[in-house]
Amino acid sequence: MFEKLIWSYQVINRYLFKDTRYFLMYLYRYFQNNHHNNCSFYSDEEFASAINQGKSMIRIGDGEMGLLHFCQVRYQVYSDAIRNDFLKIIKNYSDDSPYIISIPPPVNYTNLQLKKINRFYLYRQFKITYELIFNKNARYFDQLAFYRNGKFEKLILPYIKTKKVVIVTNYDHKIKIQNSPLASNNYQYIICENKNTYESRKKIQQDIIDLVYKTGLPKNNFVILMSAGLAKTTIYDLSFMGYQVLDIGKGLESYYMGISIENLM
């Protein structure tokens, strides 16, 4: 009983006092079964064209939503700094940005549609947050794309075959990718921690800059594939510096390890 009271107090303190605008909008929208957004998404072809033109990509999902609302997620401790970084990425985003934000298409589903597929509690927070702070005039890409079989091969693989590839991931995934028959011996790697990678983001960013600089080649000869947790906030800064970084996440492991992760959507 005492633990429930503490939990209730923490929830009320977080949402009512620290996140009041979200809390009130959440209550307002909760019972509106037909409520939905009208977010505009790039088609696969439009996305591939933007990547070929050098744009970076940052995926924002339910984990990032939790951080925006003062929650700790499984693989990253909460801090005001990481929350502010994601707010900057979202609020400064437009079609002219050097990066594309990827968000889940169910942001456009009605509450009733989400309930029918048992995803209301997963995406309700995202729907409200999109309504409150995302740029409604900008286009986004499907954050779930690389969970789908064949999407990496269709949208990313043809492009990276024309580039020098740097992969940012943890040590275990590096070994698995290196041992994959689908990987190239010419890939270069930057190693990150298994979790709480936001705290080492500056080192990861500098490692990317140093690696490219030491080759003496132009930045646009490289594409950086990132599967490094919340170190993805560095993509914002790197994209403005002329680097192309694609936040592939688990889709990277899925392709090189030959496993399907569609069941995780």
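Quick look at the structure, then.

Definitions and cut-offs
Residues numbered from 1 in each chain as written. Predicted model: local features only at pLDDT ≥ 70, side-chain atom pairs only at ≥ 80, totals over all residues. Heavy atoms only, no water. Helix = DSSP H or I, 4+ residues; strand = E, 2+ residues; numbered from the N terminus. Rg over C-alpha atoms; globule rule 2.2 N^0.38 Å. Contact = heavy atoms within 4.5 Å. Areas by Shrake-Rupley, 256 points an atom, 1.4 Å probe, with all protein chains shown as cover. Lys, Arg positive; Asp, Glu negative; His and termini not counted. Charge placed at Lys NZ, Arg CZ, Asp CG, Glu CD. Axes fitted to C-alpha atoms, helices over the stretch in contact; angles between N-to-C directions. Parallel < 35°, antiparallel > 145°, perpendicular 65-115°, else oblique. Left-handed = near helix turned anticlockwise from the far one by under 90°. Nonpolar A, V, L, I, M, F, W, Y, C, P; charged D, E, K, R; others polar. Buried < 20%, exposed > 50% of the residue type's maximum accessible area, 1.4 Å probe, protein only. Core = buried A, V, L, I, M, F, W, Y, C linked by side-chain atoms within 4.5 Å. Salt bridge = Lys/Arg side-chain N within 4 Å of Asp/Glu carboxyl O. Phe/Tyr/Trp six-rings, centres within 6.5 Å; stacked < 30°, edge-to-face > 60°.

**Quick look at the overall build of the protein chain**
Thinking step 1. The number of helices and strands found in the protein chain is 13 helices and 8 strands.
Thinking step 2. For 265 residues, the compact-globule formula gives about 18 Å, and the C-alpha radius of gyration of the protein chain, at 19 Å, lands near that figure.
Thinking step 3. Seen along its three principal axes, the alpha-carbon backbone of the protein chain occupies a region of about 55 × 40 × 35 Å.
Thinking step 4. If you take every contact in the protein chain between residues at least 6 apart in sequence, the share linking residues at least 24 apart comes to 71%.
Thinking step 5. Working note: accessible area of the protein chain is about 13500 Å², and carbon and sulfur atoms make up 50% of it.
Thinking step 6. When the 34 positive and 23 negative side-chain charges of the protein chain are each reduced to one mean point, those points stand 2 Å apart.

**Here's the deal with the packing of helix H2 (residues 20-30) against helix H7 (residues 120-133)**
Thinking step 1. It is at 10 Å that the axes of H2 and H7 come closest, and there the two elements cross at 120°. With respect to each other, H2 and H7 are oriented oblique. Pair H2 / H7 crosses with right-handed handedness. Across the interface between the two elements, Arg-21, Tyr-22, Met-25, Tyr-26, Arg-29 and Tyr-30 from H2 touch Phe-120, Tyr-121, Arg-124, Gln-125, Ile-128, Thr-129, Glu-131, Leu-132 and Ile-133 from H7.
Thinking step 2. When its residues are assigned to classes, the contact of H2 with H7 shows 9 nonpolar, 2 polar and 4 charged.

**Quick word on the environment of Ser-239**
Thinking step 1. With respect to the helices and strands, the residue Ser-239 is situated in helix H12 (residues 234-240).
Thinking step 2. Along the sequence, Ser-239 and Ser-97 sit 142 residues apart, while their C-alpha atoms lie 8.8 Å from each other.
Thinking step 3. Setting aside residues up to four positions removed in sequence, Ser-239 forms contacts with Ser-56, Pro-98 and Tyr-99.

**As for unusual backbone geometry**
Thinking step 1. For Phe-70, which is not glycine, the phi dihedral falls at a positive 70°.
Thinking step 2. Structurally, the position occupied by Phe-70 is in the loop between helix H4 (62-68) and helix H5 (80-91).
Thinking step 3. Overall, Phe-70 belongs to the buried group, its relative accessible area being 15%.

**Quick word on the nonpolar core**
Note that soluble globular proteins tend to have their nonpolar side chains buried in a common cluster.
Thinking step 1. One finds Phe-47, Ile-103, Phe-152, Ile-156, Ile-160 and Leu-225 to be the most contacted residues of the largest nonpolar core, which totals 80 residues.
Thinking step 2. The residues contacting Phe-47, other than those within four sequence positions of it, are Tyr-42, Met-57, Ile-100, Phe-141, Phe-146, Leu-155 and Ile-156.

**Brief notes about the pattern of salt bridges**
Thinking step 1. Under the counting rule described, the total for this entry stands at 11 salt bridges.
Thinking step 2. By sharing partners, the salt bridges in this structure join Arg-59, Glu-64, Lys-232 and Asp-247 into a single network.

**Here's the deal with the packing of aromatic side chains**
Thinking step 1. A complete count under the given rule lists 21 aromatic pairs for this structure.
Thinking step 2. Taking the centre distance of 5.5 Å and the plane angle of 65° together, the rings of Tyr-99 and Tyr-236 count as edge-to-face. Note that Tyr-99 is positioned in strand S3 (residues 99-103) and Tyr-236 in helix H12, a separation of 137 residues in sequence.
Thinking step 3. Both rings, one in Phe-152 and one in Tyr-256, keep their centres 6.0 Å apart while their planes meet at 65°; by these two values the pair is edge-to-face. Of this pair, Phe-152 sits in helix H8 (residues 151-155) while Tyr-256 sits in helix H13 (residues 250-257), and the two are 104 residues apart along the sequence.
Thinking step 4. Residue classification places Phe-152 among the buried residues on the basis of a relative accessible area of 2%.
Thinking step 5. For Tyr-256, a relative accessible area of 3% gives the class buried.

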